[in-house]
Amino acid sequence: MNSNELNWQDIRLFLAVAEGGSFSAAARTLKLGQPTLSRRIAELEEQLGQPLFTRLSQGCELTAF
């Protein structure tokens, strides 16, 4: 896979966080550990060069990216 191509699994994780409103909710839905999910999203954000979420004390919000 080309390093510039998006991984469909990562897109699935992104959607779960966006729909769930938090990393914890998404991790429960996906049956993943929250640290694993956070790491994968951080890697996706690094690949894209943009933050995808604003982390809040109670969940997260999508950025304007």
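The coordinates are above.
Computed from a predicted model, the values in this text were never measured in an experiment.

K.L.:
In this structure, what is going on with the pairing of strand β2 (residues 59–62)? I would like to understand it.
P.N.:
Within a regular beta strand, the side chains point alternately toward one face of the sheet and then the other, so they alternate between its two faces. The pairing of strand β1 (residues 53–56) with β2 spans 4 bridges and is antiparallel. What sits directly across from phenylalanine 53, in β2, is leucine 62. Between β1 and β2, which pair antiparallel one after the other, the connecting turn spans 2 residues.

K.L.:
Is there a simple way to explain helix α1 (residues 8–20) in this structure?
P.N.:
Counting along an α-helix, one turn takes 3.6 residues, and residues three or four places apart therefore face a common direction. The end-to-end C-alpha separation of α1 is 18 Å, in line with the 18 Å expected for 13 residues at 1.5 Å each. The complete set of buried residues in α1 reads Asp10, Leu13, Ala16 and Val17. Looking straight down α1, one finds its buried side chains confined to an arc of 115°; they lie on one side. The exposed set on the far side of α1, more than 90 degrees from its buried face, consists of Trp8 and Glu19. Residues of α1 that are buried sit in contact with α2 (23–30), α3 (34–48), β1 and β2.

K.L.:
Any chance you could explain the environment of asparagine 7 here in plain terms?
P.N.:
Mapped onto the fold, asparagine 7 is located in the segment before α1. For asparagine 7 and serine 22, which are 15 residues apart along the polypeptide, the C-alpha to C-alpha distance reads 21 Å.

The rules we used
- Positions within a chain are numbered from 1, following the residues in the order the chain's sequence is written.
- Confidence filtering applies because this is a predicted model: local features only for residues at pLDDT of at least 70, side-chain atom pairs given and counted only at 80 or more, and all residues used for totals across whole chains, interfaces and linings.
- Only hydrogens and water are set aside; all other atoms, that is, all heavy atoms of the structure, feed into the side-chain values.
- Here a strand pair is declared whenever DSSP counts at least two bridges between the two strands.
- The secondary structure listing takes helices from DSSP runs of H or I that are at least 4 residues long and strands from runs of E that are at least 2 residues long, numbered from the N terminus.
- A helix is expected to reach a length of 1.5 Å times the quantity of its residues less one.
- Three exposure classes are used, based on accessible area relative to the maximum for each residue type with a 1.4 Å probe and protein chains only: buried under 20%, partly exposed in between, and exposed over 50%.
- Working definition: the arc comes from the directions between the helix axis and the C-beta atoms, pointing outward to the latter.
- Contact criterion: two residues are considered in contact whenever any of their non-hydrogen atoms come within 4.5 Å of each other.

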